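A structural walkthrough
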Amino acid sequence: MEKVLKGKEVSQFIREKVLRDSSKLRADGVIPTLAVVRAGNSADDIAYEKSIIKACSEVGIEVKSHVLEENISHDPYVSFIKEINENKNIHGYMVFRPLPKQLDEKVIKHLISPRKDIECMNPLSLSRIFEGETDVIVPCTAAAVIEMLKYYGEKLEGRNIVVIGRSLVVGRPLSMMLLKEDATVTICHSKTHNLAEVASKADILIAAAGKARFLKKEYVKPGAVVIDVGINTDENGKLCGDVDYDDVFEIAGRITPVPGGVGAVTTAILLRNLIKTAKKQLKLS
Ligand code: NAP
């Protein structure tokens, strides 16, 4: 049994299925298409957009990039989003965040059509996760964690799972999705008392706190599965997770690295979501 759970392998597995699905859609005359909406030209956004375009091209998904002025005001931005919602040739889209300061994300996210909401940003999309519905568009990072666990044969039903982090992007939806899988879930956060004691009861321990290498071996039950969602930079500017990998490695039964763990799977889920929204719009699933 593999000790180190590698995201690349899981990502490859998902992408192969996405490629088969997109080829089938193309054979039926439909070009699965993702739109990217970027306001301004931040270097980080451009780099991310490039990586998305590359990932899409490898699985037969077309990308339409829309670059808006960084100082675009609310009304034209909203009109643009509404146009994309109506455009039948676009099956899903991503709105790059953070939005420029004159745009209110709390308002904008409600306008993203749940039919095209491949990042699960609209609270309506999230509510479906919280209601435990099946056949939904899933939040990418949370789904990446579950795919990792399933791919490597980890049973979820009845397991004691501790999630550290309660953000709407990762911790909360992930906890609800694990609950749907019949795990027994404990959610921890910055006000949790005796975190190490709570965490060390977990069969599966998931860190999504955004604190570089804070999770040490005293947080881990011997043999536990440790999943690191964190993507941080340490004091030397080096990429690292929330887990102190070297400290935890011996005591953990299984562990994900950073980089090369959950982060490697997230984009694959985004691609899979796009295929899913395309099929739903075409009433193929
Ligand atoms: P976030 O919005 O900052 O939320 C962090 C959560 O962790 C909060 O609920 C916070 O508690 C909790 N927390 C912070 N410090 C803690 C501590 N010392 N002990 C216990 N709980 C603590 O972050 P996020 O967006 O959820 O992201 C979390 C991490 O995942 C980041 O490193 C981010 O870069 C990474 N991430 C990775 C991916 C991926 O694809 N792998 C995708 C998204 C995010 P309170 O609620 O009490 O403040």
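Treat the numbers as computed from the prediction; the structure is a model and nothing was measured.

Rules of the game
- Numbering of residues starts from 1 in each chain and follows the order in which that chain's sequence is written.
- In view of the model being predicted, local features appear only for residues whose pLDDT reaches at least 70, and side-chain atom pairs are presented and counted only at 80 or more, with totals across whole chains, interfaces and linings using the full set of residues.
- Excluding hydrogens and water, the side-chain values take into account all heavy atoms of the structure.
- One heavy atom within 4 Å of a molecule or strand makes the whole residue count as near it.
- Accessible surface is estimated by sampling points in the Shrake-Rupley manner with a 1.4 Å probe; for residues, cover comes only from the protein chains shown.
- When residues are grouped by polarity, Ala, Val, Leu, Ile, Met, Phe, Trp, Tyr, Cys and Pro land in nonpolar, Asp, Glu, Lys and Arg in charged, and all others, Gly among them, in polar.
- The helix count covers DSSP runs of H or I at least four residues long, the strand count covers runs of E at least two residues long, and both are numbered beginning at the N terminus.
- Residue contacts are defined here by distance: any two heavy atoms, one from each residue, within 4.5 Å place the two residues in contact.
- Axis geometry follows a simple rule: fit a line to the C-alpha atoms, using only the stretch in contact for helices, then measure angles between N-to-C directions, giving values from 0 to 180 degrees.
- In these notes the angle categories are as follows: under 35 degrees is roughly parallel, over 145 is roughly antiparallel, 65 to 115 is roughly perpendicular, and the rest is oblique.
- Handedness of a crossing follows from how the near helix is turned relative to the far one, being left-handed for an anticlockwise turn of less than a right angle and right-handed for a clockwise one.
- The definition of a nonpolar core used throughout is a set of buried Ala, Val, Leu, Ile, Met, Phe, Trp, Tyr and Cys residues joined through side-chain atoms within 4.5 Å.
- Throughout, exposure labels follow a simple rule: accessible area from a 1.4 Å probe, protein chains only, divided by the maximum for the residue type, with under 20% read as buried, over 50% as exposed, and the rest as partly exposed.
- Here the bounds of each domain stem from an automatic or database domain assignment.
- Every case where a carboxyl oxygen of Asp or Glu lies within 4 Å of a side-chain nitrogen of Lys or Arg is listed as a salt bridge.
- Here, a strand pair is defined by DSSP locating no fewer than two bridges between the strands.
- Whether a crossover is right-handed depends on one test, that the path from the first strand over the helix to the second runs clockwise when the strands point away from the viewer.

The full set close to the ligand counts 20 residues, and Arg166, Ser167, Ser190, Ile231 and Thr266 are the nearest of them. Contact with the protein chains covers 69% of the free accessible surface of the ligand, which is 930 Å². Among the residues making up the shell around the ligand, the classes are represented as 8 nonpolar, 10 polar and 2 charged.

Next up on the list: the environment of Cys188. Within the element layout of this structure, Cys188 appears in strand S5 (residues 184–188). Sequence-wise, Cys188 and Ile269 are 81 residues apart; in three dimensions their C-alpha atoms are separated by 25 Å. Excluding residues within four positions of it along the chain, Cys188 makes contact with Val162, Val163, Ile164, Gly165, Arg166, Leu195 and Val198.

Next up on the list: the packing of helix H6 (residues 140–151) against helix H7 (residues 171–180). With their axes 8 Å apart at the nearest point, H6 and H7 run at an angle of 40° to one another. With respect to H7, the axis of H6 lies oblique. In the packing of H6 onto H7, the handedness of the crossing is right-handed. In contact with Ala142, Ala143, Val145 and Ile146 of H6, H7 contributes Pro173, Leu174, Met177 and Leu178.

The next thing to look at is the nonpolar core. Among the nonpolar cores identified, the biggest contains 54 residues, and Leu34, Ile61, Leu178, Ile206 and Ile227 are the most heavily contacted of them. Inspection of this core shows a minimum of three residues originating in each of domain 1 (29–113) and domain 2 (140–263). Once you skip the residues sitting within four places of it in the chain, Ile206 turns out to touch Val145, Ile161, Val162, Val163, Ile164, Leu174, Leu178, Ile227 and Val229.

We now examine the pattern of salt bridges. Under the definition given, this model contains 20 salt bridges. Between Lys54 and Glu58 there is a salt bridge, with its nearest N and O atoms 3.1 Å apart. On the criterion of helical spacing, the pair formed by Lys54 and Glu58 is a turn pair, its members being 4 residues apart in helix H2 (residues 43–58). On the basis of relative accessible area, Lys54 is assigned to the exposed category, the value being 52%. Overall, the relative accessible area of 44% leaves Glu58 in the partly exposed class. Here Asp135 and Lys276 are joined by a salt bridge, their closest N and O atoms 3.2 Å apart. Pair noted here: Asp135 is in the loop between helix H5 (123–130) and H6 and Lys276 is in helix H10 (residues 263–281), with a separation of 141 residues, a long-range link. Judged by its relative accessible area of 24%, Lys276 falls in the partly exposed class. Within the structure, one salt-bridge network assembled from shared partners comprises Glu2, Glu154, Arg159 and Arg254.

The next thing to look at is the pairing of strand S4 (residues 160–164). Most of S4 is tucked away: 4 of the 5 residues are buried. Bridging between S4 and S5 involves 5 bridges; their strand directions are parallel. If you follow Asn160 over to S5, its bridge partner there is Thr184. In terms of handedness, the path from S4 via H7 over to S5 forms a crossover that is right-handed. Relative to strand S6 (residues 204–207), S4 runs parallel, the two sharing 4 bridges. When the bridges of S6 are listed, Ile161 appears paired with Ile204.

Looking now at the domain arrangement of the chain. You can read the domains of the chain as domain 1 (29–113) and domain 2 (140–263). Placing a centre on the C-alpha atoms of domain 1 and another on those of domain 2 gives a separation of 30 Å.

Spatially, S5-S4-S6-S7-S10 is the arrangement adopted by the 5 strands of the open sheet, whose pairing is parallel. Strands with a single pairing partner mark the edges of an open sheet, and in this sheet they are S5 and strand S10 (254–255). Direction of pairing for strand S7 (residues 225–228) relative to S10: parallel, over a ladder of 2 bridges. Pairing of Val226 across the sheet is with Ile255, part of S10.

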